[in-house]
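In case you want the letters, here they are:
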Amino acid sequence: DHFSYYALQPVDTLPFVDVDEDDWWFDSIYYVCAPELFQGTSRSTFEPQGTMTRAMLVTVLHRLEGAPDVSAVSHFQDVQAGQWYTAAVNWASSNAIIEGYPDRRFGVGDEVTRQQMATIHYRYAKYKSYSISADADLAGYSDAAEIDAWARDAMTWANAKGIISGTTTSTLAPRGNASRAQVATILMRFVENASK
C-alpha cells in the first residue's frame, strides 16, 4: 500500500519549523503528512501540541479511505454545505463512524477527546470489517472509571491493539483532549495494527 512506500523513504526533515527529527512525534507526523492525510496548520507549521478538532479527525479518516464521494446530506445543525469538512462528516455519518450530540450538533470545532478518538477509530475499524474483539483489562489505570459507558468497548479495544496507550503508566486520560501529534501517532498505530 502507499504507506509502505513512505515508510521506506529516507527522511530527516519536514517543511515545519516546529517539527524536529529529534522530537518523539517526528516519525508519526512524517507518516501522516507524506501521503497527505494530515496537512500543516500553515506551510511552515504543524502545531504538534495544538488542538485536533472532531472535524479534523473525520477529515483525516476520509482521506485515509481515499476521499470517497457521498450523496448523503448531514443532519447535523452545525455542518453546512461546501465547507472543507462537509464531505468527510457526511461520509462518516452515513457509515455509522460518527454520531453527534443530543442537540443535533456534530461539534465541528470541538477538541476531540481521547475516548472520542478511540470510539471513532473503533467504528472505522468496524466499517473496514476489521476484528474488534480485542479486549484489554484497563484496571491498572487509575482513571479507567472515568471512561464513559459509550466509549468503554472502544477504549479497551484500542488499548489491546496498541493503538492507544496511557498518557502515563497509570493514566489513560480518557476525557483529555488529544493533540495533533497524539492523533498522528494513534493513526499510524491504527494503520499498522488494526487489521491484524
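Please refer to the structure higher up on the page.
No experiment lies behind these values; they were computed from the predicted model shown.

1. A closer look at helix α3 (residues 54-64)
Judged by how many residues are buried, α3 sits mostly within the fold: 9 of 11 residues are covered. Restricting attention to buried positions, one finds in α3 the residues Arg54, Ala55, Leu57, Val58, Thr59, Val60, Leu61, His62 and Leu64.

2. A short note on the pattern of salt bridges
As enumerated under the stated definition, the model contains 5 salt bridges in all. With a closest N to O distance of 3.1 Å, Glu65 and Lys128 form a salt bridge. Linking Glu65 in the loop between α3 and α4 (86-94) with Lys128 in the loop between α5 (114-127) and α6 (152-160), this pair joins segments that are 63 residues apart in sequence. Judged by its relative accessible area of 22%, Glu65 is partly exposed. Residue classification places Lys128 among the partly exposed positions, given a relative accessible area of 31%. A cluster of three or more residues bridged by salt bridges with shared partners is formed by Asp103, Arg105 and Asp110.

The rules we used
- Residues numbered from 1 in each chain as written.
- Predicted model: local features only at pLDDT ≥ 70, side-chain atom pairs only at ≥ 80, totals over all residues.
- Heavy atoms only, no water.
- Buried < 20%, exposed > 50% of the residue type's maximum accessible area, 1.4 Å probe, protein only.
- Helix = DSSP H or I, 4+ residues; strand = E, 2+ residues; numbered from the N terminus.
- Salt bridge = Lys/Arg side-chain N within 4 Å of Asp/Glu carboxyl O.

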